[in-house]
Amino acid sequence: MALLKILEPGQTIAPQQRRIALGIDLGTTNSLAATVRDGRAEVLQAPEGGVLLPSAVYYGADGLLTGRQALARLGDSPQNTLQSFKRMMGRGREDVAHSGYRLAKSEGGMLRFDTAAGEISPVQASAEILKALAAQGVETLGAELDGVVITVPAYFDDAQRQATKDAATLAGLKVLRLLNEPTAAAVAYGLDSGQEGVVAVYDLGGGTFDISILRLHRGVFEVMASGGDSALGGDDLDRAIVDWSVSELGLDEVSDTQYLLALAAARRVKESLSEQHQAGLEIFGQALSLSREQLEKLIQPLVKRSLRSCRRALRDAGVSSAQVEQVVLVGGSTRVPLVRAAVAEFFGREPLFSIDPDTVVAVGAAIQADVLVGNKPDQELLLLDVIPLSLGLETMGGLVERIISRNTTIPVAKSQEFTTYQDGQTAMAIHVLQGERELSADCRSLARFELRGIPPMVAGAARIQVTFQVDADGLLGVTAREQATGVQSSITIKPSYGLAEDEIASMLKASWEHAGKDLQARQLAEQRVSGQQLLQSLQNAIGADAGLLNADELQKLQAAMAELGNLLNVCEDSAALKGAIEALGRHSEAFAARRMDATISRALTGVSIDELDAGKVGES
Amino acid sequence: MDFSQSYFELFELPQRFELDTDVLARRYRELQMHLHPDKHAAAGPQEQRLAVQYSAFVNGAFHTLKQPLPRALYLLNLAGWDKERVAAQPVAGDFLLQQMELREALERIHGLVNPEAGLEHLQDELAAGWSEHSGELSAAMADEDWNEAAAAVVKMQYLDKLRSEVTALENSLLDS
Amino acid sequence: MGISLTQAAADHVRRHLQQRGQGLGIRVGVRTSGCSGMAYVLEFVDELQPEDQIFDDCGVPVVVDPKSMAYLEGTELDFVKEGLNEGFQFNNPNVAAECGCGESFTV
């Protein structure tokens with residue numbers, strides 16, 4: 001039983017309700033959500049039946065539809081029925097070879113589909129899927145959501161991750177964490193079996209391929225390496241079938257619309273061939289027959305490509321395939337018999353697929369969401385993930401200076417010093433890149449920004465420290481500072497393939513107005529919730545560690561809390577509330593730091609006692 | 001957290017080259033079990049931000065101390081040897097000669113009938129060199145002979161660079 | 001019946017009131033919410049509400065609102081030390097179930 005302290009009048013806050021959180025697998029072909037109820041992870045039923053919501057959005061002149069209802073419009077309106085848009089998150093027009101869709105002619109930036117409802121970015125389409133899943137969650141659980149964990153392919157780069165987070169913002173969801181899909185699957189399996197040792201997760205989804213090598217040790221899931229291909233998946237198997245059909249039928253030209261319909265037919269025949277040895281397909285208005293053997297020949301090169309990534313990931317992890325104790329299969333495409341056989345042969349052991357490969361990622365995400373939202377403060381579960389691709393800056397001559405290498409454990413912060421190359425230079429352009437190649441032109445451009453206000457000095461005298469910080473979502477933040485003068489230079493970041501903050505704000509406004517709802521009321525409600533949460537967390541902190549504050553500090557903090565508590569009841573201005581919440585946050589910063597430091601000494605004391613028991617202390 | 005403290009202080013380990021990596025790993029996990037942002041996801045934004053900074057510092061410290069080469073560079077740095085000074089440390093001419101020979105062998109691999117065997121031979125030579133120079137490094141570090149230690153570090157850096165080129169070549173052979 | 005304080009609890013409340021320099025006594029009560037329904041209130045009192053009940057025979061004034069009284073009848077407030085932790089604890093005969101976190105209960 002918790003021991004109570006006497007609080008100031010009116011400061012008792014209702015104790016934490018069990019918070020509601022979803023794990024969402026936002027897939028290329030299908031999406032789904034899961035949650036933890038009564039200590040068990042369960043997958044949510046979709047309103048249209050089954051658990052999978054097809055990742056399809058119909059943007060017609062007559063309205064918007066998602067899931068199976070959207071797919072039903074594929075036949076009469078293929079150009080307005082968007083699918084596989086996950087593959088185009090954070091991508092430009094030039095990155096997509098042949099989508100079959102009409103793309104808007106805008107120059108640069110993220111690509112947009114040209115639909116009957118206007119130009120739509122992949123971020124907006126993803127937001128619609130997230131909204132549909134969230135609505136399903138609210139309906140099933142009978143309460144508003146406190147947060148979600150959204151899974152992303154481990155091999156997603158920064159632009160793709162940021163685009164996913166933007167989609168959640170557009171859908172009005174609070175993202176607790178972006179979680180890598182293979183890591184989520186490992187959580188679902190690992191917690192289930194109490195597995196220890198090295199595990200490989202082979203995840204072949206609809207549009208992306210991931211391989212992660214993890215070490216499991218007493219509740220710690222340490223990703224040693226991850227690799228993959230964010231443009232290799234079941235979709236590509238379908239494309240191989242379509243291309244084969246085109247040459248088999250001797251067709252010269254195929255319209256985009258025919259192509260989109262053919263892809264759907266190819267997917268069906270591929271699925272049948274996982275069960276049967278021969279199947280017919282209706283494609284381009286003609287009948288063809290395909291055997292499993294023929295299919296295997298068509299997809300062999302793609303499977304080989306995935307095994308190359310496996311080999312590289314093993315090498316990065318510094319383990320041999322013999323040291324891998326378990327192989328887990330994830331993703332609907334691992335149902336293809338050839339894929340299973342190839343993985344078994346490569347690792348020299350039969351892979352595990354005891355948990356449905358379609359739902360395992362959402363289940364793992366739900367388990368992590370339950371912990372992150374605060375329902376299980378004492379859970380001995382820790383995920384140490386890595387960044388999949390190196391991060392760097394463009395330097396003279398178009399070369400890349402690497403700042404953070406791939407497979408570095410996150411969060412991570414690294415700094416590097418740069419200097420000016422001209423006398424009196426006061427500005428510096430910085431180009432942030434991600435990838436393994438040496439030339440900047442071969443890497444992915446993430447953002448460009450300009451550093452201004454460098455004090456004029458002779459060339460080479462300025463010392464500009466650029467710091468890259470990658471957070472636990474795998475998202476990069478960049479800051480720059482001139483060391484000699486301490487000038488924190490102003491930075492404006494222009495994402496190369498993302499949405500700018502004001503774009504998101506205006507999309508959010510438009511979507512709320514479209515739904516006939518009041519954005520202001522919503523924002524006020526959000527600020528009230530976050531204010532309550534801050535008060536609650538400070539209350540808990542005082543309850544646990546009041547001893548870290550002297551009487552005067554405690555009194556001042558409590559007075560500031562009472563002030564915010566009062567403001568939350570009377571203030572109607574969301575911007576003012578936000579300011580007050582931030583002010584209290586700053587006020588409590590030193591307290592938060594002292595608590596963290598106390599945590600460190602407690603943590604190490606605990607270890608030392610363990611080591612004493614084991615008779616190991618002082619010896620090395 | 002005092003970000004100016006040494007990584008050895010952070011993990012409460014003696015400041016020296018030889019260390020028990022099991023103890024290091026255990027203390028690292030214990031710290032992250034408390035400091036990682038996931039452990040503060042339900043806390044206020046200040047605490048979350050601190051958790052990212054603290055956790056990043058602990059990650060940086062762990063990965064520096066875990067591997068011998070970064071650990072040696074770090075110890076040299078604590079002894080007043082920055083990267084440039086280490087890099088300027090002269091190494092013996094016969095070592096450089098040997099490096100050139102190894103590089104030539106690497107360039108010849110593409111033309112070999114059996115490139116795999118050539119790669120394997122090269123990897124063996126690199127591994128032998130690595131273990132020789134890490135022995136030198138341990139001895140120099142134990143004596144706090146920074147000149148010798150820096151020379152060993154420079155040699156290991158040469159080998160490390162060559163090893164990554166061998167790996168890249170191996171990848172490209174596998175992919176072709 | 002009503003509400004009572006143990007000697008240790010009364011001593012601590014008195015000390016806290018002295019440190020604070022003001023206050024009529026302490027307010028105990030319940031609030032609905034929490035994972036199993038209700039949570040305790042333990043606060044200083046600066047102002048009385050019209051319907052408040054006051055128990056004066058505990059060594060320090062204890063104030064309860066009538067709604068809470070129904071759930072607290074017969075409750076004893078104690079002050080306990082558990083290891084490094086110390087604080088007040090409600091011994092409530094009406095409690096049917098407590099939630100795992102110990103901060104809320106049902107009757």
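Check the entry above for the structure.
Rules and cut-offs
Residues numbered from 1 in each chain as written. Chains lettered and ligands numbered in written order. Predicted model: local features only at pLDDT ≥ 70, side-chain atom pairs only at ≥ 80, totals over all residues. Heavy atoms only, no water. Helix = DSSP H or I, 4+ residues; strand = E, 2+ residues; numbered from the N terminus. Rg over C-alpha atoms; globule rule 2.2 N^0.38 Å. Buried < 20%, exposed > 50% of the residue type's maximum accessible area, 1.4 Å probe, protein only. Contact = heavy atoms within 4.5 Å. Lys, Arg positive; Asp, Glu negative; His and termini not counted. Charge placed at Lys NZ, Arg CZ, Asp CG, Glu CD. Buried area = accessible area lost by both parts, 1.4 Å probe. Salt bridge = Lys/Arg side-chain N within 4 Å of Asp/Glu carboxyl O. Polar contact = N/O pair within 3.5 Å; in protein donor to acceptor, adjacent residues only side chain to side chain. Core = buried A, V, L, I, M, F, W, Y, C linked by side-chain atoms within 4.5 Å. Phe/Tyr/Trp six-rings, centres within 6.5 Å; stacked < 30°, edge-to-face > 60°. Lys NZ or Arg CZ within 6 Å of the ring centre and 35° of its normal. Axes fitted to C-alpha atoms, helices over the stretch in contact; angles between N-to-C directions. Parallel < 35°, antiparallel > 145°, perpendicular 65-115°, else oblique. Left-handed = near helix turned anticlockwise from the far one by under 90°. Nonpolar A, V, L, I, M, F, W, Y, C, P; charged D, E, K, R; others polar.

Chemist: How should I be thinking about the overall build of chain A in this particular structure?
Modeler: The secondary structure content of chain A amounts to 14 helices and 26 strands. Its C-alpha radius of gyration of 26 Å places chain A within 12% of the 25 Å reference for a compact globule of 620 residues. By principal-axis analysis of the C-alpha atoms, chain A measures approximately 85 × 65 × 65 Å. The proportion of buried residues among the 620 residues of chain A is 54%. Look at the contacts in chain A between residues 6 or more apart in sequence, and 66% of them connect residues 24 or more apart. A distance of 1 Å separates the average location of the 58 positive side-chain charges in chain A from that of its 79 negative side-chain charges.

Chemist: Teacher, can you tell me more about the interface of chain B and chain A here?
Modeler: Much of the literature gives interface size as the accessible area that the parts lose upon coming together. Facing the 45 residues of chain B at the interface are 50 residues of chain A. For the chain B and chain A pair, buried surface summed over both sides reaches about 4,100 Å², with 60% attributable to carbon and sulfur atoms. Aspartate 38 of chain B serves as the salt-bridge partner of arginine 177 of chain A, at 2.7 Å between the closest nitrogen and oxygen. Inspection of the chain B/chain A interface yields nine residue pairs in polar contact (both at pLDDT 80 or more). Listing elements by their share of the side of chain B that touches chain A, those giving two or more residues are α2 (21–35), α3 (45–66) and α8 (146–175) of chain B. In terms of residue count, α3 of chain B provides more of the side of chain B that touches chain A than any other element does, 13 residues in total.

Chemist: It is not clear to me how the nonpolar core should be interpreted in this structure. Could you clarify?
Modeler: One broad rule of soluble globular proteins: the nonpolar side chains tend to lie buried together. With 61 residues, the main nonpolar core has Phe11, Leu31 and Leu137 of chain B as its most contacted residues. When neighbours within four sequence positions are excluded, phenylalanine 11 of chain B is seen to be in contact with Leu24, Arg27, Tyr28, Leu31, Val58, Ala61, Phe62 and Leu65 of chain B. In terms of nonpolar packing, the next biggest core, distinct from the first, is built from 49 residues, Val96, Val148, Ile150 and Ala163 of chain A among them.

Chemist: Is there a simple way to think about the packing of aromatic side chains in this case?
Modeler: Any aromatic ring pair is given by two values, namely how distant the centres are and how the planes are angled relative to each other. Following the criterion strictly, the structure yields 12 aromatic pairs over all chains and no others. Ring geometry for tyrosine 40 of chain C versus phenylalanine 90 of chain C: centroids 3.9 Å apart, planes at 5°, classification stacked. Pair noted here: tyrosine 40 of chain C is in strand β3 (residues 38–45) and phenylalanine 90 of chain C is in strand β7 (residues 85–91), with a separation of 50 residues, a long-range link. On the basis of relative accessible area, phenylalanine 90 of chain C is assigned to the buried category, the value being 5%. One cation-aromatic arrangement involves lysine 86 of chain A over phenylalanine 156 of chain A; the distance from NZ or CZ to the ring centre is 6.0 Å.

Chemist: In this structure, what is going on with the packing of helix α4 (residues 68–78) of chain B against helix α7 (residues 115–142) of chain B? I would like to understand it.
Modeler: Residue and element names in this part refer to chain B. Viewed as axis vectors pointing N to C, α4 and α7 meet at an angle of 30°, and their least axial separation amounts to 12 Å. On the basis of the axis angle, α4 is roughly parallel to α7. Crossing of α4 against α7: the hand is left-handed. Contact residues: α4 offers Leu69, Ala72, Leu75 and Leu76, while α7 offers Trp130, Leu137 and Met141. Here the contact of α4 with α7 is composed, by residue class, of seven nonpolar, no polar and no charged.

Chemist: How should the pattern of salt bridges be read in this particular structure?
Modeler: Close approach of charged atoms allows side chains with opposite charge to pair. Residue and element names in this part refer to chain A. This structure, assessed with the given rule, holds 40 salt bridges over all chains. Among the ionic pairs, glutamate 450 bridges to arginine 452, the shortest N-O distance being 2.4 Å. For glutamate 450, a relative accessible area of 30% corresponds to the partly exposed category. With a shortest N-O distance of 2.8 Å, aspartate 545 and arginine 595 are connected by a salt bridge. A residue pair is termed long-range when its members are at least 10 positions apart, and aspartate 545 in helix α11 (residues 519–545) and arginine 595 in helix α14 (residues 589–613) qualify at 50 residues. Like aspartate 545, the residue arginine 595 is buried in the burial classification. Taken together, the salt bridges that share partners define one network made up of Arg87, Asp235, Asp236, Asp238, Arg267 and Lys270.

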